[in-house]
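A look at the structure
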Amino acid sequence: MKLLTNFEVFLAISVLKVAVVLVITLSAVAYTVLLERKVAGRMQNRWGPSRTGPFGLLQPLADGIKLFLKEDLMPLAVERPLFILAPVIALTCALVSIAVVPFGGVTRVYGVDLFEIANVNIGLLVILGITSMGVYGIALSGWSSNNKYSLLGSLRATAQMISYELALGLSLVGVVLRAGSLNLRAIVDSQSAHGMRSWNVFGGLQALGFLIYLIAAYAETNRTPFDLPEAESELTAGYHTEYSSMKFAMFFMSEYANMITVSCVATLLFFGGASSPFGHLIPSFGGGVVEAVLPVLWFVAKVFAFLFLYIWVRWTLPRFRYDQLMGFGWKFLLPLAMINIVFTSFVLAMRG
């Protein structure tokens, strides 16, 4: 019997890891939709989905089957290749960025880190670059639809995303200055020594940076109160008006996948990633399995808290007018982000 070489084992584990992370992420996307509907129901004193499966747990499966079986309508005047490519770009960019997220501690099997697909030295730049490319999916969907309402919706979305990307990127500079690295694992390690006291949002003096990041992230993902690209006040759906069936579902999935990515980045950069809020005060117990799994549970709990905050804000705040939205980004968030950079640089220089 032929023994597998080290490279073949490495390749097999890597492929299996990618498949598992993809399945978990897509399942999380589906059940984040269910979470939003259930939380919204509770806030409005109703049940939300409760009939499909126990407690409505099979509702995401029913929604997926419905969207898959719906007739895929395509207007005759659309630019067909780009019309098809746009939702693919949007969903792909939303999912690929998960590849550089370390969602656990360092646990190696045959030299492969089980809880991170790719440990890249510039992991933060990879996430920012890939998610920025998602704007092409939105812009192309509106332009290729040959519909003036879709085009206007995509133009608004593009302008909004580009504007708030500046504030979002600058809000993270303070974190990079403090960690001295763009590697996400190194940024997490710089916050893990003393638990919550070491987290950037508390001990790292990045509370302002976190606030800017959070607000800009809502605008980046087109969520209330910044959901102008697809506001119902138009009586259309904005850039995806002409889409149906699974093409529409891909835009819908990309929004929730981006929510998960934003929550992961906030957890990594400001709340210590997979590190414990108690630091090293609690001794290890239960052997290697518990020590490997516990950081993953901390990471999932923090991401879940951010997703709940996303939903809470959506069902609490009214939306901005578009001129208010753009003015808020350029005249308020951008100067605040630059002030945060100057303040962080000054504090680090004085400590140095």
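Further up the page is the structure itself.
Since the structure is predicted, the reported quantities are computational estimates derived from the model, not experimental observations.

Section: the packing of helix α4 (residues 123-144) against helix α5 (residues 148-171)
Where α4 contacts α5, the axes come no closer than 7 Å and their chain directions differ by 165°. In terms of orientation, α4 and α5 fall into the roughly antiparallel class. Seen along the crossing, α4 lies across α5 with a hand that is left-handed. Packed against α4, whose contacting residues are L128, S132, V135, I138, A139, G142 and W143, the element α5 presents S150, L151, S154, A157, T158, M161, E165 and L168 at the interface. Considering only residue class, the contact of α4 with α5 consists of nine nonpolar, five polar and one charged.

Quick notes on the layout of surface pockets
By volume, the largest pocket is sized at about 1,200 Å³. Looking at the largest pocket, it is lined by 44 residues, and the ones nearest its centre are V33, L67, F252, M253 and Y256. For the lining of the largest pocket, the secondary structure elements donating two or more residues are α1 (6-43), α2 (59-69) and α9 (245-270). Grouping the constituent residues of the lining of the largest pocket by class yields 24 nonpolar, eight polar and 12 charged.

Some thoughts on a nonpolar patch on the surface
Together, Y31, F55, L57, L58, L61, I65, F68 and L69 give the surface a local cluster of nonpolar side chains, amounting to about 890 Å² of exposed area. In terms of residue count, α2 provides more of the nonpolar patch than any other element does, four residues in total. Turning to its location among the elements, F55 is positioned in the loop between α1 and α2.

So, how was this worked out
- Residues numbered from 1 in each chain as written.
- Predicted model: local features only at pLDDT ≥ 70, side-chain atom pairs only at ≥ 80, totals over all residues.
- Heavy atoms only, no water.
- Axes fitted to C-alpha atoms, helices over the stretch in contact; angles between N-to-C directions.
- Helix = DSSP H or I, 4+ residues; strand = E, 2+ residues; numbered from the N terminus.
- Parallel < 35°, antiparallel > 145°, perpendicular 65-115°, else oblique.
- Left-handed = near helix turned anticlockwise from the far one by under 90°.
- Contact = heavy atoms within 4.5 Å.
- Nonpolar A, V, L, I, M, F, W, Y, C, P; charged D, E, K, R; others polar.
- 1 Å grid on protein atoms, 1.4 Å probe; cavity = no way out; pocket = protein on both sides within 12 Å on 5 of 7 lines; lining within 4 Å.
- Points joined across faces, edges and corners; volume = space filled by probe spheres on them.
- Patch = residues over 30% accessible without salt bridge, like charges linked within 9 Å, V, L, I, M, F, W, Y side chains within 5 Å.
- Areas by Shrake-Rupley, 256 points an atom, 1.4 Å probe, with all protein chains shown as cover.
- Salt bridge = Lys/Arg side-chain N within 4 Å of Asp/Glu carboxyl O.

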